[in-house]
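Examining the three-dimensional arrangement
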Amino acid sequence: RKEVEQDPGPFNVPEGATVAFNCTYSNSASQSFFWYRQDCRKEPKLLMSVYSSGNEDGRFTAQLNRASQYISLLIRDSKLSDSATYLCVVNNQAGTALIFGKGTTLSVSS
Amino acid sequence: GAGVSQSPSNKVTEKGKDVELRCDPISGHTALYWYRQSLGQGLEFLIYFQGNSAPDKSGLPSDRFSAERTGGSVSTLTIQRTQQEDSAVYLCASSFPSWASGGSYEQYFGPGTRLTVT
């Protein structure tokens, strides 16, 4: 099992749609979880941290299920500017590095 | 405030040459990381520095790769005798130090150095 697995997509959705991304991770000892966003030929940027109780930031909602080792990201009312690759990220057991999934590509069209 | 900076932004080199990539982290971030990203691939962890502790070099792909961090700030990644498979974007990130309990703070990335080995 890969350390962090994501559906690569692409997800092609119209503006205003709701889209959900899923991610699974293999290391049950991971303690920190994030979603990063990466635009084409740019560096990754933090979108949001993921907390055990779930958390929301505007149109974005993140959920964590430790028992299933599963993380999700929900984007409501998609905007053209949401088009990017979304990276699921967990830390390694030693806490010395972040392990990145290969990303899920989202394309929002008008 | 100033973010993570990297130089050069682009580097083209001939196979067999050595290259040095530089990273200047965010002031106050004692943890520094190097990753590389090949075309269409995910980020691959290379090395981690935290304060004066011995670096975690577990991600370095071969002994041609080395990195140092002087004075707890600027870091240099050196690739000796470059090969074509070394072509990638090399990303540096910095953060506050990891928790003693094993948790991590978010990392902030520089714009990367795009290395092309011909």
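Presented here is an overview of the structure given in this document. Small disclaimer: the values here were computed from a predicted structure and weren't measured.

**Here we look at the sheet that holds strand β6 (residues 55-57) of chain A**
Residue and element names in this part refer to chain A.
- With antiparallel pairing, the five strands of this open sheet are ordered in space as β1-β3-β8-β7-β6. Each edge of the sheet is formed by a strand with only one pairing partner; in this case those strands are β1 (4-6) and β6. When strand polarity is set aside, the average angle formed by the axes of neighbouring strands in this sheet is 20 degrees.
- In terms of strand pairing, strand β7 (residues 60-65) meets strand β8 (residues 70-75) through six bridges, oriented antiparallel. Its bridge partner lying in β8, Phe 60 is registered against Ile 75.

**Some words on the nonpolar core**
- If you look at the biggest cluster of nonpolar residues, it comprises 24 residues, and the most contacted ones within it are A:Phe21, A:Trp35, A:Ile71, A:Leu73, A:Ile75, A:Tyr86 and A:Leu106.
- Within the residue set of this core, elements represented by two or more residues are β3 (19-25), β4 (33-38), β7, β8, β9 (84-91) and β11 (104-109) of chain A.
- Ignoring any residue separated from it by four or fewer positions in sequence, one finds A:Tyr86 in contact with A:Gln6, A:Phe21, A:Trp35, A:Tyr36, A:Arg37, A:Leu47, A:Leu73, A:Ile75, A:Gly103, A:Thr104 and A:Leu106.
- In this structure, B:Cys23, B:Leu77, B:Ala88 and B:Tyr90 belong to the second largest nonpolar core, which totals 20 residues.

**Some words on the environment of B:Val74**
All names here are of chain B.
- Here Val 74 is to be found in the loop between β6 (65-69) and β7 (75-79).
- Under the relative-accessibility criterion, Val 74 is labelled buried at 17%.
- Residues Val 74 and Tyr 108, 34 residues apart in the sequence, show an inter-C-alpha distance of 15 Å.
- Among all residues touching Val 74, those that are not within four sequence positions of it are Arg 22, Cys 23, Asp 24, Pro 25, Glu 68 and Arg 69.

Conventions adopted
Residues numbered from 1 in each chain as written. Chains lettered and ligands numbered in written order. Predicted model: local features only at pLDDT ≥ 70, side-chain atom pairs only at ≥ 80, totals over all residues. Heavy atoms only, no water. Pairing = 2+ DSSP bridges. Helix = DSSP H or I, 4+ residues; strand = E, 2+ residues; numbered from the N terminus. Axes fitted to C-alpha atoms, helices over the stretch in contact; angles between N-to-C directions. Core = buried A, V, L, I, M, F, W, Y, C linked by side-chain atoms within 4.5 Å. Buried < 20%, exposed > 50% of the residue type's maximum accessible area, 1.4 Å probe, protein only. Contact = heavy atoms within 4.5 Å.

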